[in-house]
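Commentary on secondary and tertiary structure
Residues per chain are reported as follows:
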Amino acid sequence: MSELALRAQKLDADDELAEVRGRFVLDEVVYLDGNSLGALPAAVPGRVADVVRRQWGELRIRSWDESGWWTAPERIGDRIAPLVGAAAGQIVVGDSTSVNVFKALVGAVRLAGGPSGGSSADSVAGSSAGSAAGSVVGSVVGSSAGRDEIVVDATTFPTDGYIAESAARMTGCTLRPVTPDEVPGVLSERTAAVLLNHVDYRTGRLHDLPSLTAAVHAAGAVAVWDLCHSAGALPVGLDEHGVDLAVGCTYKYLNGGPGAPAYLYVRSDLQDRFDSPLPGWNSHAEPFGMRSAYEPAAGALRGRVGTPDILSMLALEAALDVWDGVSIEAVRAKSLALTDFFLECVAAYAPAGRVESVTPAAHAERGSQVALRCDDAGDVMKRLIERGVVGDFRHPDVLRFGFTPLYVGFSEVERAARVLGEILAAG
Ligand SMILES: *Cc1c(COP(=O)(O)O)cnc(C)c1O
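Computed from a prediction, not measured in an experiment: that's the story for all the values here.

Our next topic: the sheet that holds strand β4 (residues 91-93). Strands sit in the order β4-β10-β9-β8-β7-β5-β6 across an open sheet of seven strands; the sheet is mixed. Single-partner strands in this sheet number two, and they are β4 and β6 (174-178). Pairwise comparison of adjacent strand axes, ignoring direction, gives a mean angle of 15 degrees for this sheet. In this sheet, strand β10 (residues 263-266) lies alongside strand β9 (residues 245-248) in antiparallel orientation, the contact comprising four bridges.

Below you can see the structure in the form of structure tokens.
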């Protein structure tokens, strides 16, 4: 056995999260694609069967009350909250990430008093006087005139960019796509909202959420963070860092299942002024009043729209049980150890010059994935999958490996790198 394989065994023996793997349905495959679709938690099939057979099949409509269906979006939001550093009452689950990016970004422009904010510009000025006791770190200055730009990460996941472009057009803003490094330099008294990714989906680069949020606030603008590739993999600290609005998906590191609903975070002191561009009967103050005039509910559930997708939502709720007794700090420590070890094994096993990491070496800038640039990445990933190592290929030349600390072990990491080295040497 090689020195690296022996070290892997020792690291696995000392791993305080090793037993969590037993909470998932897994096999001999080395699964390094949990940043695309998390593995199935073992408790989910039984729970979903109960939801379908008993709650739907037997209780039928009574389940909206008796099985807690109606309140599931807020209840499950409160389960996600500690994982992203949020106090209860600020997260609502539902709809896709794409839809929540839209709600958050248009809502952000309205909070900032953007051009077509209309009466909301006045209400910002009016209500901010009344809520002057709000926290200083997270306060939104919200000038009532001249904020007509949305800044977006130019390298973002496509859907975020498409929606930002449409949100800009709808709100009468100009879109400024820039790299995250350029963001502080383009902020001005014209900036209404800034949409950023906590971790880049392609390179795995972790951006500096505290300092970028502070820069956005210093310019008087509203910060919207997309947590798709960080929630469940590392501490986010939404409340601590005064983030205004955030969105994220639940089928990556939160293991909620294919198409599991996403979530929207609206900081508590902004909820009164959050004016959703998708007001639906589920976010009405009195949903069963069936009134023709819309009146938003109080709190985070203002982010709801229509009837929640209960089957997916309750599968997600069951999936979140795997976090019982698991701290996100322990997850982060193991994540860094896994990615460090993978990089070390790749350096040892891959022929020199065949792959190059595009993921930052510095821990402070690394998410929970490693992206390797490789000329024939598409072919290489196909062969890896044939040999039981599953990552994914991102056009045109990136091999992407996600490390979910809840179920990936060090011996698997060593095996993945060894198989990769063999494929690269043969090709
Ligand atoms: C995964 C991901 C999405 C997915 O959006 P859906 O609406 O769930 O398809 C959006 N944005 C980012 C940054 C992502 O990583």
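Let us now look at helix α13 (residues 410-426). In a regular helix each residue adds 1.5 Å, so 17 residues correspond to 24 Å; α13 covers 24 Å between its end C-alpha atoms and thus fits that length. By the burial criterion, the buried members of α13 are Phe410, Glu412, Val413, Glu414, Ala416, Ala417, Val419, Leu420, Gly421, Ile423 and Leu424.

Moving on, we get to unusual backbone geometry. Backbone geometry follows two general trends: most residues other than glycine have a negative phi, and most peptide bonds adopt the trans configuration. Of the consecutive residues His395 and Pro396, the connecting peptide bond is found in the cis state with omega at 0 degrees. Here Pro396 shows up in the loop between β14 (392-394) and β15 (398-402). One non-glycine residue, Asn255, adopts positive backbone phi at about 60 degrees. The residue Asn255 is located in the loop between β9 and β10 in this model. Accessibility expressed as a relative area gives 1% for Asn255, which makes it buried. Positioned with a positive phi, Met290 is a non-glycine residue whose angle comes to about 50 degrees. Its place among the elements puts Met290 in the loop between β10 and α10 (310-319).

On to the packing of helix α12 (residues 377-386) against α13, then. α13 packs onto α12 with a crossing angle of 125 degrees between their chain directions and a minimal axis gap of 10 Å. Comparing the axis directions of α12 and α13 gives the class oblique. As for the relative orientation of α12 and α13, their crossing is right-handed in sense. Across the interface between the two elements, Val380, Arg383 and Leu384 of α12 pack against Ala416, Val419, Leu420, Ile423 and Leu424 of α13.

Moving on to the site of the ligand. Taken together, Ser96, Thr97, Ser98, Phe157, Thr159, Asp160, Asn197, Asp226, Cys228, His229, Tyr251 and Lys252 make up all the residues around the ligand. Residue Asp160 places a side-chain N or O atom 2.7 Å away from a nitrogen atom belonging to the ligand. Between an oxygen atom of the ligand and a side-chain N or O atom of Tyr251, the distance comes to 2.6 Å. Starting from 390 Å² of accessible surface for the ligand in isolation, the protein chains cover 87%. Of all the elements in the fold, those that place two or more residues in the shell around the ligand are α5 (97-111) and α7 (158-171).

Right, let's get into the sheet that holds β14. In spatial order, the strands read β11-β12-β15-β14; together these four strands make up an open sheet with antiparallel pairing. Every other strand in the sheet has two partners, leaving β11 (356-357) and β14 as the edge strands with one partner each. The pairing of β11 with strand β12 (residues 369-373) spans two bridges and is antiparallel. Bridged to Glu356 within β12 is Arg373. Against the sheet, α12 touches β14 and β15, its axis set at about 40 degrees to β15.

Per the counting criterion, the structure on display carries 31 salt bridges. Arg7 serves as the salt-bridge partner of Glu3, at 3.7 Å between the closest nitrogen and oxygen. Separated by four residues within a single helix, Glu3 and Arg7 lie in helix α1 (residues 3-13), roughly one turn from each other. Residue class for Arg7 comes out partly exposed when judged on its relative accessible area of 30%.

Another point: the nonpolar core. Side chains that are nonpolar tend, in soluble globular proteins, to be buried together. Core analysis: the biggest nonpolar cluster contains 84 residues, and Val84, Trp323, Phe342, Leu399 and Phe401 have the highest contact counts within it. With near-sequence residues (within four places) excluded, Phe401 lies in contact with Leu32, Asn35, Phe342, Ser368, Gln369, Val370, Leu372, Met381, Leu384, Gly391 and Leu420. The next biggest cluster of nonpolar side chains, apart from the first, holds 28 residues, and it includes Val92, Cys173, Ala192 and Val247.

Analysis parameters
- Starting afresh in each chain, residues are numbered from 1 along the sequence in its written order.
- Since the coordinates come from a predicted model, pLDDT governs what is reported: local features require at least 70, and pairs of side-chain atoms require 80 or more to be given and counted, while whole-chain, interface and lining totals use all residues.
- Hydrogens and water molecules were not included; the side-chain quantities draw on all heavy atoms of the structure.
- Strand pairing is assigned whenever DSSP identifies at least 2 bridges connecting the two strands.
- By the criteria applied, helices consist of DSSP H or I runs no shorter than four residues and strands consist of E runs no shorter than two, each listed in order from the N terminus.
- Working convention: axes come from line fits to C-alpha atoms, limited for helices to the stretch in contact. Angles between N-to-C directions cover 0 to 180 degrees.
- A helix is expected to reach a length of 1.5 Å times the quantity of its residues less one.
- Categorising residues by exposure relies on relative accessible area from a 1.4 Å probe, with only protein chains included: less than 20% of the type maximum marks a residue as buried, more than 50% marks it as exposed, and the intermediate range marks it as partly exposed.
- Roughly parallel means an angle under 35 degrees; roughly antiparallel means over 145; roughly perpendicular covers 65 to 115; every other angle is labelled oblique.
- We call a crossing left-handed when the near helix sits turned anticlockwise from the far one by less than a right angle, and right-handed when that turn is clockwise.
- By definition in these notes, contact holds between two residues if any of their heavy atoms fall within 4.5 Å.
- The rule for a residue being near a molecule or strand is that one of its heavy atoms must lie within 4 Å of it.
- What qualifies as a polar contact is a pair of N or O atoms within 3.5 Å, subject to a donor-acceptor requirement within protein and to the restriction that residues adjacent in sequence count only when both atoms come from side chains.
- We get accessible surface area from the Shrake-Rupley algorithm with a probe of 1.4 Å; when it comes to residues, only the shown protein chains can shield them.
- Only one rule defines a salt bridge in this text: a Lys or Arg side-chain nitrogen within 4 Å of an Asp or Glu carboxyl oxygen.
- Within this scheme, the nonpolar core is defined by two criteria: the residues are buried Ala, Val, Leu, Ile, Met, Phe, Trp, Tyr or Cys, and they are joined through side-chain atoms within 4.5 Å.

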